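# What the coordinates show
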Amino acid sequence: MRYKFLTAVFAATVALNFAGPAAATDLEVTHWWTSGGEAAAVAELAKAFDATGNHWVDGAIAGSGGTARPIMISRITGGDPMGATQFNHGRQAEELVQAGLMRDLTDVATKGKWTEVVRPKSLLDSCTIGGKIYCVPVNIHSWQWLWLSNAAFEKAGVPVPKNWNEYVAAAPALEKAGIVPLAVGGQAWQASGAFDVLLAAVGGTDTFLKVYKDKDAKFAAGPEVAKVFKAADDARKMAKNTNVQDWNQATNMVITGKAGGQIMGDWAQGEFQVAGKTAGKDYTCLPGLGLNEVIATGGDAFYFPLLKDADKAKAQEVLAETLLDPKTQVAFNLKKGSLPVRGDVDLNAANDCMKKGLAILAKGAVIPWTDQLLSQDSQKQKEDLFSEFFAKPDMSLEDAQKRFADIIASAD
Amino acid sequence: MSKSERPSQLFRNLNAKVASIPMILTAMVVFVGGTAWTVLYSFTNSKLLPRLNFVGLEQYYRLWATPRWLISIENLLIYGVISLVFSLVIGFLLAALLDQKIRFEDTFRTIFLYPFALSFIVTGLVWQWLLNPDFGVQGVVRSLGWTSFDFNPLYNSSIVIYGISIAALWQGTGLIMCLMLAGLRGIDEDIWKAARVDGIPMWKTYLFIIIPMMRPVFITTLVIIASGIVKVYDLVVAQTSGGPGIASEVPAKYVYDYMFFAQNLGQGFAASTMMLLSVMIVIVPWAYLEFGGRKRV
């Protein structure tokens, strides 16, 4: 009797196992979204994908893109590809695509009419190599933001600045109040990103494009760019007492009012949200540093390595569709603090800062970002230069600019 | 004599030869083959994936024009001299002191050797906290009342490499001490007695009799220390990750960063070839003197 009962239970569980998730396929997705706000956002993607009957296996790699990308690339080139992986769209995965290791998504894209829904168009262009589409852009991340702590300025007794110049002028007052005027973390990409933002804001859109798109070394050594280096020197002085490494630690200094502000991409907004801060009341955001309101169309995209397993390949298609689904786009981007890649979604829930970003996007004031314009090699050289520049107060502006021009001259 | 009485050299000790085939293959394919492959591709413009597209010495020109590489080399030299001199001197002194037939020798030996049981990553993290201006040595001394006390090597570009060397010495001298102690114990007791009979002071005995007799031990130690110097990487990553700025970069880190972060294999291979070359410059003359000379005698 007892025996029979057990067998029955056993049989039932087995049957359930088979009946339940018959179509479920595990798909490992690697990404480097590990800070509080980022993890909340990626959970939205996982939820949406699980709802299609498949299973999202989270492969988060801590330590920012610089650490994560080599691991992802060596897994793909080493013959152990994951189901899908994050990259910044642009040139990071260019060679993997050329080597035929990535999956062509053109069919899925035609079916989903991506060319019509994705906006701005340059996003999809970055995913296109040789007329074929290889990645799904999921968000627009722009670097051009200055995040200011209202509490810090109140404590220092100065009004919250409206642009970079006012901010520089307010720095001595902040310092007197024991506040670090500008938080720049020790990781190399933060210093180099801050400079690129200054280049687009202080120098203007044309200057930015002439340097990074046309790679005009003579221009990069000229007086227009010298002005930008002057601003970078201000930033260097304002940032000299930041003793943190990670960007979110630096953002946390702004959140807690220990620092006056931070030049950081809109991913910082997720941190403000997790900390329960309100845009406009607790913190202020200035796109383009308040000088040149543009948005760079960098961002994140998912690439799909070529897999042999037919089930997994099918799941890849489902994931690609899910990522661009209007509902997923809204849920994900609200948590992430980034802008959606579709123009036709409803973002009423967006906060002040995101609305500012959307307005700029609607105006069409967009520029391509360095991820799209420069190779990783040139980016790394730039990072080395600016991390040295920010850490070494006695490095002269002329020296730095000369080396910068050299990098531009050899850039590809 | 017939041939069967004297087997061919090739088949002598056959078992041992068969057993060493895997190691010979590993050495040939992995070490020699891998090295040759790396050197070959350092003359190409390989980016993310290796490609045989030769560009001559371009990668090397670029390498030697890169400030970060030059700083790395300079740091390696400073770090090398410091760890060579100090680990030999401190290691020998500790060994000589332990050799005075003191009480609790085992205990002291264990204490001195213990840091060696830690990896460089752990050592680096421990010393990162010890040298942190707010929580480490500086913070403690300041809280005792010396508020102007300044000891902040890791956040000061000009002395950061010394901060890293401190951690390396703390970790490494214990092993050197043990090697030296073994060498000292190998010296015949009678030599000490003879020196004492002749009335030679102790320091002179050490300097002119014992140390020359310990030559093989010193050479072993030297090789161990030198190989540790060239490959230093994890200690820097754990302690400063090359910062502040690029002030504490080392060559091994340059190789890794350019191969994987910058997706420029050619540049990384060129840098690693230079590292190999620098090791050869040290090793080859030494090996020649050590092994080549003796055969002629």
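Residues numbered from 1 in each chain as written. Chains lettered and ligands numbered in written order. Predicted model: local features only at pLDDT ≥ 70, side-chain atom pairs only at ≥ 80, totals over all residues. Heavy atoms only, no water.

## Quick notes on empty space enclosed by the protein
Residue and element names in this part refer to chain A. Inclusion rule: Residues are said to line a cavity or pocket when one of their atoms sits within 4 Å of a point; the points come from a 1 Å grid over protein atoms alone, cavities being sets where a 1.4 Å probe fits but cannot get out and pockets being open sets with protein on both sides within 12 Å along at least five of seven lines. Grid points are joined across faces, edges and corners, and a volume is the space filled by probe spheres set on the points. Helix and strand labels come from DSSP, where a helix needs a run of H or I of at least four residues and a strand needs a run of E of at least two; each type is numbered from the N terminus. Three classes are used: nonpolar for Ala, Val, Leu, Ile, Met, Phe, Trp, Tyr, Cys and Pro, charged for Asp, Glu, Lys and Arg, and polar for all others, with Gly counted as polar. The split into domains, and so the bounds of each, comes from an automatic or database assignment of domains.
Summed over all chains, the structure comprises one cavity of 30 Å³ or more. Put simply, the largest cavity is a space of about 40 Å³. Along the walls of the largest cavity sit Trp145, Trp147, Asp266, Gln269, Gly337, Leu339, Cys353 and Met354, which together make up its complete lining. Contributions of two or more residues to the lining of the largest cavity are made by β7 (145-149) and α18 (352-363). For the lining of the largest cavity, the class distribution of residues is five nonpolar, two polar and one charged. Domain assignment of the residues forming the lining of the largest cavity places at least three in each of domain 1 (26-141 + 298-362) and domain 2 (145-296 + 374-410).

## Considering the packing of helix α2 (residues 36-50) of chain A against helix α17 (residues 326-336) of chain A
Residue and element names in this part refer to chain A. Where we set the bar: In this analysis, axes come from line fits to C-alpha atoms, helices being fitted only over the stretch in contact, and the angle between any two N-to-C directions falls in the range 0 to 180 degrees. The labels follow the angle: roughly parallel below 35 degrees, roughly antiparallel above 145, roughly perpendicular from 65 to 115, and oblique for the rest. Left-handed is the label given to a crossing in which the near helix is rotated counterclockwise from the far helix by less than a right angle, and right-handed is the label when the rotation is clockwise. Throughout, a residue-residue contact means that at least one pair of heavy atoms, one from each residue, lies within 4.5 Å.
Direction vectors running N to C along α2 and α17 enclose 170 degrees, while the axes themselves pass 7 Å from each other. As judged from the angle between their axes, α2 and α17 are roughly antiparallel. Remark: the crossing between α2 and α17 carries right-handed chirality. Between α2 and α17, the contacting residues are Gly37, Glu38, Ala40, Ala41, Val42, Glu44, Leu45 and Ala48 on the first element and Thr328, Ala331, Phe332, Lys335 and Lys336 on the second. The residue inventory of the contact of α2 with α17, partitioned by class, reads seven nonpolar, two polar and four charged.

## Focus: helix α1 (residues 14-41) of chain B
The line we're drawing: Each helix should span, by expectation, one fewer than its residue count multiplied by 1.5 Å. Bend is computed residue by residue as the angle between axes fitted to the seven residues ending at the residue and the seven residues starting at it.
Along its 28 residues, α1 of chain B runs 38 Å from first to last C-alpha, staying within 8% of the 40 Å computed at 1.5 Å per residue. The sharpest bend along α1 of chain B comes to roughly 40 degrees, located at Ile21 of chain B, with the proline Pro22 of chain B sitting one to four residues further on.

## A look at the environment of Gly139 of chain B
All names here are of chain B. Short version of the rule: Here the term buried applies to any residue with accessible area under 20% of the maximum for its type, exposed to any over 50%, and partly exposed to those in between, with areas from a 1.4 Å probe on protein chains only.
Following the sequence through the fold, Gly139 ends up in helix α6 (residues 137-143). By relative accessible area, Gly139 is classed as buried at 18%. Here the alpha-carbon distance between Gly139 and Asp150, two residues eleven residues apart in the chain, equals 9.2 Å. If we ignore the near neighbours within four places in the chain, the residues touching Gly139 are Pro133 and Asp134.

## A closer look at the side chain of Ser338 of chain A
Residues and elements named next belong to chain A. Selection criterion: A 3.5 Å cut-off defines polar contacts: any pair of N or O atoms within that distance qualifies, except that in protein one atom must be a possible hydrogen donor and the other a possible acceptor, and neighbouring residues in sequence count only when both atoms are side-chain atoms.
Position of Ser338 relative to the elements: it lies in the loop between α17 and α18. Of note is the side chain of Ser338, whose polar atom sits 3.4 Å from the side chain of Asn139. Dropping the residues within four chain positions of it, Ser338 is found in contact with Asn139, Ile140, His141, Asp266, Asn333 and Met354.

## Some remarks on the state of the cysteines
Residues and elements named next belong to chain A. Heads up, the rule is: Only a pair of cysteine sulfur atoms within 2.5 Å counts as a disulfide in this structure description.
Counted according to the given criterion, the structure contains two disulfides over all chains. Through a disulfide, Cys127 is tied to Cys135; the S-S separation comes to 1.8 Å. Taking the torsion about the sulfur-sulfur bond, which here is approximately -90 degrees, the covalent link between Cys127 and Cys135 counts as left-handed. Cys135 carries the same exposure label as Cys127, and that label is buried. With a sulfur-sulfur separation of 2.0 Å, Cys285 is cross-linked through a disulfide to Cys353. On the sign convention where negative is left-handed, the bridge of Cys285 and Cys353, at about -115 degrees about the S-S bond, is left-handed. Residue Cys285 is found in strand β10 (residues 283-287), and its partner Cys353 is found in helix α18; the two are separated by 68 residues along the sequence. Grouping residues by exposure puts Cys285 and Cys353 together as buried.

## So, the sheet that holds strand β6 (residues 135-137) of chain A
Residue and element names in this part refer to chain A. Which entries qualify depends on this criterion: For two strands to be treated as a pair, DSSP must find no fewer than two bridges joining them.
Read across the sheet, five strands follow the order β2-β1-β3-β12-β6 without closing on themselves; strand pairing throughout is mixed. Edge positions in the sheet fall to β2 (55-60) and β6, since each has one partner strand and no second. Looking at each pair of strands side by side, their axes are set apart by 30 degrees on average, direction ignored. On the sheet, α2 packs against β1 (26-31), β2 and β12 (300-303) and is oriented at approximately 155 degrees with respect to β2.

## Some remarks on helix α10 (residues 215-230) of chain B
Residue and element names in this part refer to chain B. Put simply, the rule reads: In this context, the arc is that of the directions from the helix axis out to the C-beta atoms.
Relative to the 22 Å expected for 16 residues at 1.5 Å per residue, α10 spans 23 Å between its end C-alpha atoms, a close match to the ideal helical length. Ile219, Thr221, Ile225 and Ile229 are the residues of α10 that are buried. All buried residues of α10 fall inside an arc of 165 degrees around its axis, so they share one side.

## With respect to the packing of aromatic side chains
Threshold: We call Phe, Tyr and Trp rings a pair once their centres come within 6.5 Å, taking the six-membered ring for Trp, and we label the pair stacked below 30 degrees between planes, edge-to-face above 60, and tilted otherwise. Distance and angle both matter: a charge sits over a ring if NZ of Lys or CZ of Arg is within 6 Å of the ring centre and within 35 degrees of the ring normal.
Inspection of every chain in the model, using the stated rule, returns 39 aromatic pairs over all chains. On the numbers, 4.2 Å between centres and 35 degrees between planes, the contact of Trp37 of chain B with Tyr41 of chain B is tilted. Of this pair, Trp37 of chain B and Tyr41 of chain B both sit in helix α1, four residues apart, which is roughly one turn of the helix. Taken together, Phe195, Phe208, Tyr212, Phe229, Trp369, Phe386, Phe389, Phe390 and Phe404 of chain A form an aromatic cluster joined through their ring pairs. Looking at Lys210 of chain A, its charged tip hangs above the ring of Phe219 of chain A, at a distance of 4.9 Å from the centre. One cation-aromatic arrangement involves Arg236 of chain A over Phe389 of chain A; the distance from NZ or CZ to the ring centre is 4.0 Å.

## Brief notes about the interface of chain B and chain A
Put simply, the rule reads: Buried area is understood as the total, over both parts, of accessible area removed when two parts are fitted together, assessed with a 1.4 Å probe. We define a salt bridge as a side-chain nitrogen of Lys or Arg found within 4 Å of a carboxyl oxygen belonging to Asp or Glu.
Counting residues at the interface gives 22 residues for chain B, matched by 23 residues for chain A. Of the roughly 2,000 Å² buried where chain B meets chain A, counting both sides, 54% is carbon and sulfur surface. Looking at the side of chain B facing chain A, the largest losses of area belong to Leu48, Leu49 and Phe261 of chain B, adding up to 25% of the total buried there. With a shortest N-O distance of 3.3 Å, Asp412 of chain A and Lys47 of chain B are connected by a salt bridge. Linking chain B to chain A there are eleven residue pairs in polar contact (both at pLDDT 80 or more). The set of elements that each furnish at least two residues to the side of chain B that touches chain A consists of α3 (67-98) and α12 (251-261) of chain B. For the side of chain B that touches chain A, the element with the highest residue contribution is α12 of chain B, accounting for five residues. Residues belonging to the side of chain B that touches chain A are distributed by class as follows: twelve nonpolar, five polar and five charged.

## So, the confidence of the model for chain A
Under the convention used in this document: pLDDT runs from 0 to 100 and stands for how confident the predictor is about each residue.
Confidence in the prediction of chain A, expressed as mean pLDDT, is 87, and 94% of residues score 70 or more. Here residues 11-22 of chain A is a poorly scored stretch, pLDDT under 50, and it has zero contacts once near neighbours within four places are set aside; other chains count.

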